[in-house]
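# Working through the structure, step by step
Single-letter residue listing:
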Amino acid sequence: AVVSTQSTGLAVTMRDSPSCAVLIHNIQTGTSQKPFNKSKGLVQQVAFHPNKPFFFVLSQRYVRVYNLVKQAMVRKLVCGVKWASCMAVHPKGDNVIVGSYDKSLIWFDMDLSTKPYKSLQQHKKAVRDVCFHPRLPLYSSVSDDCSAIVTHGMVYDDLVKNPLIVPVKVLRAHKAGSKYGVLSNVFHPNQPWLFTGGADGDIWLYV
């Protein structure tokens with residue numbers, strides 16, 4: 001489940017129900033909305049745009065962007081991977097990162113193209129989760145290789161300048177043991193701190 005930036009919407013995914021794979025609940029009115037009659041592909045993750053009525057739906061190979069007001073798809077991002085696993089939307093809303101089970105990390109600049117701006121191969125195994133820091137120019141990705149990689153990702157207000165992507169630090173603390181590694185990560189809302197959760201049952205805080 002994911003909550004909108006304004007805390008008025010709650011989106012849930014149900015992979016076992018292709019005809020009703022995504023539902024959006026309005027917390028204020030207590031009503032529910034089905035943004036599309038049938039999902040196109042297996043839904044991996046969903047996200048709200050931070051300040052527009054746009055809704056992102058990640059499937060196996062695409063990110064579809066819907067206008068919730070017009071009830072129509074406005075953009076289709078082509079991931080170029082075998083199987084996407086996770087997604088995060090930049091706080092400004094015009095850039096998206098997608099992780100995949102085939103180790104790739106894809107950066108989209110929607111002002112430039114519906115195809116990837118950058119494709120990065122930083123992990124040795126499947127990428128399980130990605131996240132942006134809500135205030136700082138940072139993003140993080142975690143993988144079954146038991147690593148978390150923090151990267152400087154600067155998005156400029158000047159549309160002429162392309163995003164700047166520079167890896168900063170590889171973090172390793174989780175124990176390997178099963179076929180899974182680090183499953184989730186999230187930044188502190190204000191501080192440059194990162195929380196990670198792994199298949200080993202541990203939660204780590206990096207400062």
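The notes below deal with the structure included here. Please read these numbers as outputs of a predicted model, since none were measured by experiment. (Residues numbered from 1 in each chain as written. Predicted model: local features only at pLDDT ≥ 70, side-chain atom pairs only at ≥ 80, totals over all residues. Heavy atoms only, no water.)

## Some words on the packing of aromatic side chains
- All chains considered together, the criterion is met by four aromatic pairs.
- Each ring, one from tryptophan 107 and one from tyrosine 139, has its centre 5.6 Å from the other, and the planes form 55°; the classification is tilted. With a gap of 32 residues between them, tryptophan 107 in strand 11 (residues 105–109) and tyrosine 139 in strand 14 (residues 138–143) connect regions that are remote in the sequence. Assigned by exposure class, tryptophan 107 and tyrosine 139 land together as buried.
- A ring pair is formed by phenylalanine 132 and tyrosine 139, whose centres lie 5.9 Å apart and whose planes are at 65°; its orientation type is edge-to-face.
- The class for tyrosine 139 is buried, based on a relative accessible area of 0%.
- Taken together through their ring pairs, the aromatic side chains of Trp107, Phe132 and Tyr139 make up a single cluster.
- Residue placement shows lysine 118 over the ring face of tyrosine 117; its charged tip is 5.7 Å from the ring centre.
- Just above the ring of tyrosine 156 sits the side chain of lysine 161; from NZ or CZ to the centre is 5.1 Å. (Phe/Tyr/Trp six-rings, centres within 6.5 Å; stacked < 30°, edge-to-face > 60°. Helix = DSSP H or I, 4+ residues; strand = E, 2+ residues; numbered from the N terminus. Buried < 20%, exposed > 50% of the residue type's maximum accessible area, 1.4 Å probe, protein only. Lys NZ or Arg CZ within 6 Å of the ring centre and 35° of its normal.)

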